[in-house]
Each structure stands twice: as C-alpha cells, then as structure tokens.
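Structural overview for review
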Amino acid sequence: MEDLIKLENVSKDYGGNIVLKEVNLAIRRGQSIGIIGANGSGKSTLLRVIAGLTKVTSGKRLQKNNIKINYVPEHFPKMNFTPAEYLYHIGTFQGLSKSEIEEHIEKLFDRFNMQLMKNTMIKYLSKGSMQKVAVIQSLMTKPDVLLLDEPLSGQDLESQERFVEAVQEFREEGVSIAIACHENHLIEKLADRAIVISNKTIHSSREYTTKVIQFKCEDDPILLNTLDRMDGVIKSDVLKDQVHVYVKAQYSNELLKKLLDRDCYIISVNSVMEYTD
Ligand SMILES: Nc1ncnc2c1ncn2[C@@H]1O[C@H](COP(=O)(O)OP(=O)(O)OP(=O)(O)O)[C@@H](O)[C@H]1O
C-alpha cells in the first residue's frame, strides 16, 4: 500500500515538555488507524503533526504531493459566523461551486439533524453541535486523508451513528483515516489497526485485519455455496444453523449489506486482532 504521509523519528516538545519521542508512522492509502491513549498522552499532538499543522522538533514528516487532507480538531473555535456562512466560506475555498455547497449543506444538515441550528452563531452552539459543524466540514469534499480528533465529543447517539455511516462510506471509497478517540467501539468499527501512545511513543499496535461475522439464514444454498468466493472472504464455517464467515476488515461492510439484503439475521460482528510491535 502506498504511503501518503510518513513520520520518521519524529519528536515534538512544547518548551521542553517532550510529548512525542522518535515516533515512526505511515498513513497508507486506504488504511484506517485508530489512536488510543490516556488524557494528555499526545493523541491530538500526533494528529496535528500528521496533518502538518504543528512543526516537528526533530525528525521528518514526508507527504505525497497533491494529496488532500481534511482535519476535524478536538475543539472547534467559537466563531462569529453561522454554520451555513462558515461552511459556505470553506466550500468556496475548497473550489466548490455555490450550488454544490448549497446541496452539501442541505444534505449534511439533514443527516446530522442540524437544520434548526443552521443560522445560529457558532459561538452560541452547544459543544456537540459545534463538533457536528467540524464533522460536516470534513465531509463536504472527499479527501485522501481524513484526520479526526475526538469527533464524537458531545454528540448524541443518533448523530454518532450518522457519523459512523458517513466515515464508513469514505472508507469504502478508499479514503485513509486516522481517528483519535476514547471510544474503543468506534475504533473497532472504523479502524483496521489501532496504535497506542504511551510514554511519549507508539509502543504497540493492534491490527484489526479480519472480522468474523456470525449469522443465521433461512435455507439459502446459493448464498452458502457462493460465500467463499465473495470479495474479501477468507473462509466460512457452518455450525449447526449458524454460519461464521471470516472476512478482510475492509470488505466486511459490503458483505454485511449482502447478508442483510438476503434477510439473514446477524448475530455478531467481531474483530480478530493481531498484535505487532
Ligand atoms: N500548544 C501547546 N502548548 C503547550 N503544551 C501543549 C500544547 N498542546 C498540547 N500540549 C501538551 O502536550 C501534552 C499532550 O497533549 P495532547 O492534547 O496531544 O494529548 P491528548 O492525548 O490528545 O489528550 P486528551 O485525551 O486529553 O485530549 C499535554 O501535556 C499538553 O498539555
């Protein structure tokens, strides 16, 4: 897989306070990384370094030419704009036409239940609504790399689900994603691999390379006979009336959709993790 952004022995300190020490990391095309760590461990700093928004103290940040990066910060600034005005400016800056911007705003405001807040000054919005403006901004144009810092912060459950769906759609279109958050379930859903920051460095990573989908289906020989030939399927086992199918993580949503279309009952979806150092 092609490297879009690479950190080589990157260290970052703030006035002598070392936050990251000799970190090596590659953001690969189409790969999705979850960043886990305690408060203050350096997740936001790492994301800002990946985004190229923070200068590194030593080491190198390399970036492939002409790639587009969308970034959702942990704290959205309190601005004297309405969300519609702000997104209009951002869309124009990103080269979208007026009608494209209006279409995106309508669709995304509906999707995130923000229509009533469209014309309220951002500085008066609640924390969750402000975060939704940041999320909507990052979804208006398809990037090569989507960087998300605590994107669910303050969002209600329905908006969280909408957000997961939207990120999954980008993922299926090959967008690379790095997401820092404290919700492990979100990382398991959205990441192929999780890195853990502690003691100023990335000391281990978990690979979510395979998903195991457990389901039941009415007698459907066509499905069972073709399952092993479907994209990304590694193997399948039939145990009494249940089927366990092992599928590469990036194909699991596609397979889930197929199973649901055939009225299968999904019992569970689990990640098989491999640890690497
Ligand atoms: N601009 C800055 N100036 C000085 N120190 C900073 C700055 N940004 C971050 N730090 C310090 O760097 C350390 C790591 O902060 P960072 O926000 O990256 O952690 P985090 O893992 O994202 O934390 P949280 O989970 O609480 O959001 C903290 O000690 C923080 O005080």
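Here's a quick rundown of the structure. (Residues numbered from 1 in each chain as written. Predicted model: local features only at pLDDT ≥ 70, side-chain atom pairs only at ≥ 80, totals over all residues. Heavy atoms only, no water.)

**Observations concerning the overall build of the protein chain**
As a reminder of what qualifies: Starting at the N terminus, helices and strands are each numbered in turn, a helix being any DSSP run of H or I of at least four residues and a strand any DSSP run of E of at least two. Atoms considered for the radius of gyration are the C-alpha atoms alone. The globule rule reads 2.2 Å times the number of residues to the power 0.38. Relative accessibility thresholds used throughout: buried, under 20% of the residue-type maximum; exposed, over 50%; partly exposed, between the two (1.4 Å probe, protein chains only). For the area figures, the Shrake-Rupley method with a 1.4 Å probe applies, and any residue is considered shielded solely by the protein chains shown. Under the convention used here, Asp and Glu are negative, Lys and Arg are positive, and both His and the chain ends fall outside the count. Charge coordinates come from a single atom per side chain, which is NZ of Lys, CZ of Arg, CG of Asp or CD of Glu.
Looking only at helices and strands, the protein chain features eight helices and twelve strands. Taking 2.2 N^0.38 as the reference for a compact globule, 277 residues should give roughly 19 Å; the C-alpha atoms of the protein chain span a radius of gyration of 20 Å, in line with that estimate. In terms of overall dimensions, the protein chain has C-alpha extents of about 60 × 45 × 35 Å along its principal axes. Sorting the 277 residues of the protein chain into buried and exposed places 49% on the buried side. For the protein chain, the accessible surface area stands at approximately 14,200 Å², while carbon and sulfur atoms represent 48% of it. The distance from the centre of the 36 positive side-chain charges to the centre of the 38 negative ones in the protein chain is 6 Å.

**Digging into the packing of aromatic side chains**
In this description, an aromatic ring pair is defined by two values, namely the gap between the centres and the angle between the planes. What counts is decided by this rule: A pair of Phe, Tyr and Trp rings is counted when the ring centres sit within 6.5 Å of each other, with Trp represented by its six-membered ring. The angle between the planes then sorts it: under 30 degrees is stacked, over 60 is edge-to-face, the rest tilted.
Counted under the stated rule, the structure contains one aromatic pair. Geometrically, the ring pair formed by Phe76 and Tyr86 is edge-to-face, given 5.4 Å between the ring centres and 85° between the ring planes. A residue pair is termed long-range when its members are at least 10 positions apart, and Phe76 in the loop between β5 (69–72) and α2 (83–93) and Tyr86 in helix α2 qualify at ten residues. According to the relative accessible area criterion, Tyr86 is buried, its value standing at 11%.

**Overview of the site of the ligand**
Basically, it comes down to this: Definition of nearness: a residue and a molecule or strand are near each other if at least one heavy atom of the residue lies within 4 Å of the molecule or strand. Polar contacts here mean pairs of N or O atoms no more than 3.5 Å apart (in protein, one a potential hydrogen donor and the other a potential acceptor; neighbouring residues in sequence count only if both atoms are side-chain atoms). When residues are sorted by character, Ala, Val, Leu, Ile, Met, Phe, Trp, Tyr, Cys and Pro go into the nonpolar class, Asp, Glu, Lys and Arg into the charged class, and all the rest, Gly among them, into the polar class.
In the neighbourhood of the ligand, 14 residues make up the surrounding shell, with Asn39, Gly40, Lys43, Ser44 and Thr45 lying closest. Between the ligand and the protein, one listed contact pairs an oxygen atom with a side-chain N or O atom of Ser44 at 2.8 Å. The set of elements that each furnish at least two residues to the shell around the ligand consists of β2 (17–28) and α1 (43–51). Here the shell around the ligand gets four residues from one element, more than from any other, and that element is α1. Of the residues that constitute the shell around the ligand, the class distribution is three nonpolar, eight polar and three charged.

**Some thoughts on the side chain of Ser159**
The condition that has to hold: Contacts are assigned to residue pairs that have any heavy atoms within 4.5 Å of one another.
By the element assignment, Ser159 lies in helix α5 (residues 157–172). At 3.1 Å, the side chain of Ser159 forms a polar contact with the side chain of Lys132. Sequence-distant contacts of Ser159, defined by excluding residues within four places in its chain, comprise Phe112 and Lys132.

**As for the pattern of salt bridges**
The test is simple: The term salt bridge refers to a side-chain nitrogen of Lys or Arg lying within 4 Å of a carboxyl oxygen of Asp or Glu.
One pass over the full model with this rule turns up 19 salt bridges. A salt bridge links Asp3 to Lys6; the nearest nitrogen and oxygen atoms lie 4.0 Å apart. Judged by relative accessible area, which is 28%, Asp3 ranks as partly exposed. The class for Lys6 is partly exposed, based on a relative accessible area of 32%.

**Examining the sheet that holds strand β1 (residues 3–14)**
Filter applied, for reference: Only strands joined by at least two bridges in the DSSP assignment are considered to pair. Lines fitted to the C-alpha atoms define the axes, with helices restricted to the stretch that makes contact. Angles between their N-to-C directions range from 0 to 180 degrees.
One open sheet accounts for three strands, arranged β2-β1-β4; its pairing is antiparallel. Every other strand in the sheet has two partners, leaving β2 and β4 (58–63) as the edge strands with one partner each. Within the sheet, the average angular offset between the axes of one strand and its neighbour, ignoring direction, is 15°. Pairing of β1 with β2 involves eight bridges; the strand directions are antiparallel. Looking at β2, one finds that Asp3 is bridged to Arg28.

**Quick word on the pairing of strand β7 (residues 176–180)**
With five of its five residues buried, β7 lies for the most part within the structure. Residues Ser176, Ala178 and Ala180 point to one face of β7 and Ile177 and Ile179 to the other, with burial holding for every one of them. One ladder, built from four bridges, connects strand β3 (residues 32–36) with β7; its direction is parallel. Each residue of the ladder has a partner; that of Ser32, found in β7, is Ile177. Across five bridges, strand β6 (residues 145–149) lies against β7 in parallel orientation.

**Looking at the packing of α2 against helix α3 (residues 98–111)**
Just so we agree on the cut-off: Oblique is the label for every angle not falling under 35 degrees (roughly parallel), over 145 degrees (roughly antiparallel), or within 65 to 115 degrees (roughly perpendicular). In a left-handed crossing the near helix is turned counterclockwise from the far helix by less than a right angle, and in a right-handed crossing that turn is clockwise.
Here α2 crosses α3 at 135°, and the two axes come no closer than 10 Å. Taken together, α2 and α3 sit at an angle that is classed as oblique. Crossing angle aside, the handedness with which α2 passes α3 is right-handed. From α2, Pro83, Ala84, Leu87, Tyr88, Gly91 and Thr92 reach across to α3, where they touch Lys98, Ile101, Ile105 and Phe109.

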